[in-house]
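The residues making up each chain are set out below.
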Amino acid sequence: MTILFDTQSLLQRFLTKLIRNPTLLGTSLAEPILFLILFSQLFTKFGNFLPAASGGYLAYLVPGIVLFNAMITAPQGGVSIANDINSGFLSKMLLTQVRRSAILLGRLLTDMTVAVAQSVITIGVAVAMGVSFESGAAGILLLLLTSAYFELALSGIFLTVGIITRKTETISALASVLFFPLVFISSAMFPVSFFPSWAQVFSNYNPVSYTSDVMRQLVTGGLNLGTLGDAYALIGAIAIVTFAATLYQFRKVVS
Amino acid sequence: MSDIISAENLIVVYQDGTRAVEDISFNVEEGEFFGFLGPNGAGKSTTIKVLTTLLRKASGKVAVAGFDLEKSPGEIRKCIGVLSQETSLDVDLTGWENLHLQGRLQQMSGTALDERVKELLELVQLDGVARKPAGRYSGGMRKRLDLASALINKPRLLFLDEPTTGLDAQSRTAIWEYLESLNKKEGITIFLTTQYLEEADRLCQRLSIIDHGKLIAKGTPAELKETVGGDMVNLTLKDPLLRERAKLVLKTIAGVSKVSDSDGGVVAYTKNAGQIIAELVTTLDRNGIRPSFLSISSPTLDDVFLRETGRRIRSDELSRKETEPFLM
């Protein structure tokens, strides 16, 4: 048997759990639609200040919503591992021959699957609302990959906190405190030119801005490979730091 | 018979410096039903965690199923099953899915796994509710499912950490019968920890009594009880001064080997209570000592614990989280 077998077993476990929880599944899938419709209606006048070729505020908003939804999936891994530690299920898994890395991989793949499913729904709704994706199918695939990659990098933060604190409330509180400034003081939802100067400075160093700008290029066309490379390197650096912390804490639990 | 567990000078120290297990040595023979008896916090669960590779020992030499604990933890996990004190199931998954997942994590797959899951569900009589989420099961049903998941890989050695804590008397008896069958009919070696004297007495062929991380006695239940010294005459005396006087008087009676305090009274140990009881009552009466209650009993494992530690394993102090019927 391989690590793939173990990872698949655990991915199947988490997806089954998700299906068994229709409220969570329903809200997870409805969330992107809600955000897309709400933001595009409330702030539609931003479109008046965007370049004519940009596709309007809805096209501007789509990558931001895709990224935001991917981000709010990230804490689920931390919640899950905290629950497994507290219920004794993690110990039960550790008494088997399962490869320890598969316990993390199964969870990460689950969250990435959910993030991609949400992104597909968002893109589908956006197309129905009239947004055209200038980069075509390849651009959409890269958009999905980028959002899942960003979600993966953030997961490490919540896995680490979940292992250390073993409290799901702490994870939820951290997600709120972290995500709101990261998302709303970035170019994800609104053009940075409308921000006060301090917020523009913050946004310029915000990884959410880097990522959403690249994703926006995939919607409106004109992808700059240099910008894509910078964004992927930055996300990669975040992932290295967060997963180094996760692995350090996880090893303490499993050994 | 060969040893399936051997532990020499095992010491376990927690990160905060607490010495949970203090230099204990014991062995368990293949096919044996072996027990660790002791009160809460004695070090029973800690020992199980070390033996099942979940916790690191500070020092000592331990081999389980012929494998060194530090060198081959993976090999050990292949041939053991563990039923933890707390029921640990995924309550969102059905009974069938829980067992199937556990089987896959033990590297089983295909028809062999499906058949094993079916066999175990029938064995623990949960085949009728196999497709219902475990969260809808009663406490007893969850315990049975947990036990089935510990057996998924056909273990040679089964660890049971206080398997009947929280279950009512009827459910406990049902579990005991099932465990006896596993040991006798299927030849599975069982290592049991318990705080129930009756459980240890009924199930274990050999046991060790543990307190504050130290082994204080070991042997068969019969051997341990013999060490107490025959019968006990229990006298209830509320007045402490009268108790002290009674102890002095009892020591003068021929045939009384030992006198000690007990909860609210005094115990006199003798080889045959029937032969001395008349003289004992007369002597006490002559000295103006009239116990409010007198009884004769044969020693129990609690008496062994009392003799070794000066305390009783009091069942009324035990933490019981739930009492639900266990339907077999």
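Residues numbered from 1 in each chain as written. Chains lettered and ligands numbered in written order. Predicted model: local features only at pLDDT ≥ 70, side-chain atom pairs only at ≥ 80, totals over all residues.

**Examining the overall build of chain B**
Going by this rule: The way it works is that DSSP assigns letters per residue, a run of H or I at least four long becomes a helix, a run of E at least two long becomes a strand, and they are numbered from the N terminus. Three exposure classes are used, all based on how many other C-beta atoms lie within 10 Å of a residue's own C-beta (placed from the backbone): buried at 20 or more, exposed at 12 or fewer, and partly exposed between those limits. By the criterion used throughout, residues are in contact when their C-beta atoms, derived from the backbone, lie within 7 Å.
Within chain B, the regular secondary structure consists of 11 helices and 14 strands. Looking at chain B residue by residue over its 328 residues, the buried ones come to 43%. Restricting to contacts in chain B with at least 6 residues of sequence separation, those with at least 24 account for 71%.

**Digging into the overall build of chain A**
Spelled out, the test is: Only the C-alpha atoms count toward the radius of gyration. The rule for a globule is 2.2 Å times the residue count to the power 0.38.
In terms of helices and strands, chain A carries 11 helices and 0 strands. Start at the N end of chain A and walk to the C end: the helices and strands fall as α-α-α-α-α-α-α-α-α-α-α. Relative to a compact globule of 255 residues, whose C-alpha radius of gyration would be 18 Å, chain A shows 19 Å and is just as compact. Taking the principal axes of its C-alpha atoms as reference, chain A extends roughly 60 × 35 × 30 Å. The buried share among the 255 residues of chain A stands at 44%. Partitioning the contacts of chain A with sequence separation of at least 6, the portion at a separation of at least 24 is 81%.

**Observations concerning the interface of chain B and chain A**
How we decide: Classes in brief: Ala, Val, Leu, Ile, Met, Phe, Trp, Tyr, Cys and Pro nonpolar; Asp, Glu, Lys and Arg charged; the others, Gly included, polar.
Facing the 20 residues of chain B at the interface are 19 residues of chain A. Put simply, the parts of the chain that give the side of chain B that touches chain A at least two residues each are α2 (73-78) and α3 (95-105) of chain B. Here the side of chain B that touches chain A gets 5 residues from one element, more than from any other, and that element is α3 of chain B. A class-by-class count of the residues in the side of chain B that touches chain A yields 6 nonpolar, 7 polar and 7 charged.

**What to know about helix α6 (residues 169-185) of chain B**
Residue and element names in this part refer to chain B. Defined as follows: Expected helix span is taken as 1.5 Å per residue step, with the number of steps being one fewer than the number of residues. The arc in question is formed by the directions pointing from the helix axis toward the C-beta atoms.
With 17 residues, α6 extends 24 Å from end C-alpha to end C-alpha; this agrees with the ideal 24 Å at 1.5 Å per step. Restricting attention to buried positions, one finds in α6 the residues Ser171, Ile175, Leu179 and Leu182. When α6 is viewed along its axis, its buried side chains cluster within an angular range of 70 degrees and face the same direction. Exposed and oriented more than 90 degrees from the buried face of α6 are Ala169, Glu177, Ser181, Lys184 and Lys185. Structurally, α6 contributes buried residues whose contacts are with α5 (139-150), β7 (157-161), β8 (189-194) and α7 (197-203). Backbone geometry just after α6 places Gly187 at a positive phi near 70 degrees.

**Quick notes on the sheet that holds strand β5 (residues 67-68) of chain B**
Residues and elements named next belong to chain B. The condition that has to hold: Between any two strands, pairing holds if DSSP finds at least two bridges. Between N-to-C directions, angles cover 0 to 180 degrees, with each direction set by a line fitted to C-alpha atoms, over the stretch in contact for helices.
The 4 strands lie next to each other as β2-β1-β4-β5, forming an open sheet whose pairing is antiparallel. Either end of the sheet is taken by a strand with one partner, and the two such strands are β2 (19-29) and β5. When strand β1 (residues 3-13) meets strand β4 (residues 59-64), the two strands line up antiparallel, connected through 5 bridges. For Ser6, the partnering residue across the bridge sits in β4 and is Ala63. The sheet contacts of helix α1 (residues 44-51) involve β1, β2 and β4, and relative to β1 the element is tilted by about 115 degrees.

**Overview of the packing of helix α8 (residues 221-228) of chain B against helix α11 (residues 301-309) of chain B**
All names here are of chain B. In plain terms, the rule: By definition in this entry, angles of less than 35 degrees are roughly parallel, angles greater than 145 are roughly antiparallel, angles of 65 to 115 are roughly perpendicular, and the rest are oblique. Working rule for handedness: look at the near helix, and if it is turned counterclockwise from the far one by less than a right angle, call the crossing left-handed; if clockwise, right-handed.
With their axes 9 Å apart at the nearest point, α8 and α11 run at an angle of 50 degrees to one another. With respect to α11, the element α8 is oriented oblique. Classified by chirality, the crossing of α11 by α8 is left-handed. Each of Pro221, Leu224, Lys225, Thr227 and Val228 in α8 lies in contact with α11, whose residues at this interface are Leu301, Asp303, Val304 and Arg307. Its residues assigned to classes, the contact of α8 with α11 shows 5 nonpolar, 1 polar and 3 charged.

**Considering the pairing of strand β14 (residues 293-297) of chain B**
The side chains of a regular strand alternate between both faces of the sheet. Residues and elements named next belong to chain B. The buried count for β14 comes to 0 of 5 residues, which makes it a mostly uncovered element. Across 5 bridges, the pairing between strand β11 (residues 231-236) and β14 is antiparallel. When the sheet's bridge partners are listed, Val233 is paired in β14 with Ile296.

**Describing helix α4 (residues 75-87) of chain A**
Residue and element names in this part refer to chain A. The first and last C-alpha atoms of α4 sit 18 Å apart over 13 residues, in line with the 18 Å expected at 1.5 Å per residue. Turning to α4, its buried residues number three or more, namely Pro75, Gln76, Gly77, Gly78, Val79, Ser80, Ile81, Ala82 and Asp84. Of the surrounding elements, those touching the buried residues of α4 are α1 (3-20), α3 (56-73), α5 (89-94), α6 (100-128), α7 (136-165) and α8 (168-184).

**Some words on the sheet that holds β7 of chain B**
All names here are of chain B. Strand order in the open sheet formed by 6 strands is β6-β7-β8-β3-β9-β10, and the pairing between neighbours is mixed. Every interior strand has two partners, whereas the edge strands, β6 (80-83) and β10 (214-219), have only one. Strand-to-strand, the axes of this sheet are offset by a mean angle of 15 degrees, without reference to chain direction.

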